[in-house]
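# A closer look at the structure
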Amino acid sequence: MFITFEGPEGSGKTTQIRLLAEFLRARGNEVLTTREPGGTEISDQIRAVLMNLRNTAMHPRTEILLFQAARAQLVEQVIRPALNRGALVISDRYADSTLAYQGYGHGYPLEELRRLIAFATGGLTPDLTFLLDVDPARGLERKQRKGEWNRLDAYDLGFHQRVRAGYLEMAQAEPHRWVVVDASRTIEDVQEDIRRAFHQRVLSR
Ligand code: TYD
């Protein structure tokens, strides 16, 4: 089972993933958590290039390919082997981030991006995707306050609003895979929704 978490900046994905993983481990599941871009030594090196505030000259096509490169390594080195041995894998961001940020955000054609993603992942798609939906202005403010500002956060608010709208559109187009959660509420309320959806979609299947 492969679960991904998506959402705009500062939507609280990391905390929610930690809580869900703790819950599932307590139930006896083997759970592997990872994040994108990153999750392997090579992917972390690519991440450093992507996030570096000095790389203002980075062309969006370069950015797109670096994200796919980091992902290809993560899929082959970590995600696929874990799935093959029966583990439950939870990833903080995956291919839908490329469609949301590079596609809806930067305006690159979704069909082209889908082909690159299919190549990078060898066709591996999530079984379940949580969208932690929050107003990007709020999320960005939260991140800036915590000092976790990176090169991609520095894109304007319009960009982040397109990203959010893109996520919502993708969720609507594929409702059997996506679960949209209102992430503007307390950590506990958001986690409760996530666990309930997990029960409905996975345990009672
Ligand atoms: P990170 O600091 O990990 O942000 P977050 O905590 O919100 O996940 O930075 C990841 C950034 O990379 C984030 O701005 C989203 C962006 N991103 C893309 O633009 N395309 C992608 O394919 C991926 C995986 C991430």
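Refer to the structure above for everything that follows.
Read on for an overview of the structure. (Residues numbered from 1 in each chain as written. Predicted model: local features only at pLDDT ≥ 70, side-chain atom pairs only at ≥ 80, totals over all residues. Heavy atoms only, no water.)

## Section: the packing of aromatic side chains
- Following the criterion strictly, the structure yields five aromatic pairs and no others.
- Plain terms: the ring middles of Tyr 101 and Tyr 167 are 6.4 Å apart, the flat faces sit at 80 degrees to each other, and that makes the pair edge-to-face. One end of the pair, Tyr 101, is in helix α4 (residues 95-105); the other, Tyr 167, is in helix α7 (residues 157-173), and 66 residues separate them in sequence. Residue Tyr 101 shares its accessibility class with Tyr 167, and that shared class is buried.
- Ring-pair connections join several aromatic residues into one group, and the members of that group are Tyr 101, Phe 159, Tyr 167 and Trp 178.
- The ring of Tyr 94 is capped by Arg 71, whose NZ or CZ atom sits 5.7 Å from the centre of that ring. (Phe/Tyr/Trp six-rings, centres within 6.5 Å; stacked < 30°, edge-to-face > 60°. Helix = DSSP H or I, 4+ residues; strand = E, 2+ residues; numbered from the N terminus. Buried < 20%, exposed > 50% of the residue type's maximum accessible area, 1.4 Å probe, protein only. Lys NZ or Arg CZ within 6 Å of the ring centre and 35° of its normal.)

## A closer look at helix α5 (residues 110-121)
- Taking 1.5 Å of rise per residue, the twelve residues of α5 would be expected to cover 16 Å, and the 16 Å separating its terminal C-alpha atoms lies within 8% of that figure.
- What α5 keeps buried is the set Leu 113, Ile 117, Ala 120 and Thr 121. All buried residues of α5 fall inside an arc of 80 degrees around its axis, so they share one side. In α5, the exposed positions angled more than 90 degrees off the buried face are occupied by Arg 115 and Phe 119.
- In this structure, the buried side of α5 is in contact with α3 (60-84) and α4.
- Backbone geometry just downstream of α5 places Gly 122 in the positive-phi region, at approximately 60 degrees. (Expected span 1.5 Å × (residues − 1). Arc of directions from axis to C-beta. Contact = heavy atoms within 4.5 Å.)

## Notes on the packing of α3 against α5
- One way to put it is that α3 packs onto α5 with a least axis distance of 8 Å and a crossing angle of 35 degrees. In terms of crossing hand, the pair formed by α3 and α5 is right-handed. For the pair formed by α3 and α5, the contact residues are Ile 64, Leu 65, Gln 68, Arg 71, Ala 72, Val 75 and Arg 80 on the first element and Leu 113, Leu 116, Ile 117, Ala 120 and Thr 121 on the second.
- Classifying every residue of the contact of α3 with α5 gives eight nonpolar, two polar and two charged. (Axes fitted to C-alpha atoms, helices over the stretch in contact; angles between N-to-C directions. Left-handed = near helix turned anticlockwise from the far one by under 90°. Nonpolar A, V, L, I, M, F, W, Y, C, P; charged D, E, K, R; others polar.)

## Focus on unusual backbone geometry
- Cis geometry marks the peptide bond from Glu 36 to Pro 37; its omega dihedral reads -15 degrees.
- Turning to its location among the elements, Pro 37 is positioned in the loop between β2 (31-35) and α2 (41-51).
- With phi around 80 degrees, Arg 93 is a residue other than glycine that occupies positive phi space.
- Topologically, Arg 93 is positioned in the loop between β3 (88-92) and α4.
- Judged by relative accessible area, Arg 93 falls into the buried class, the value being 12%.

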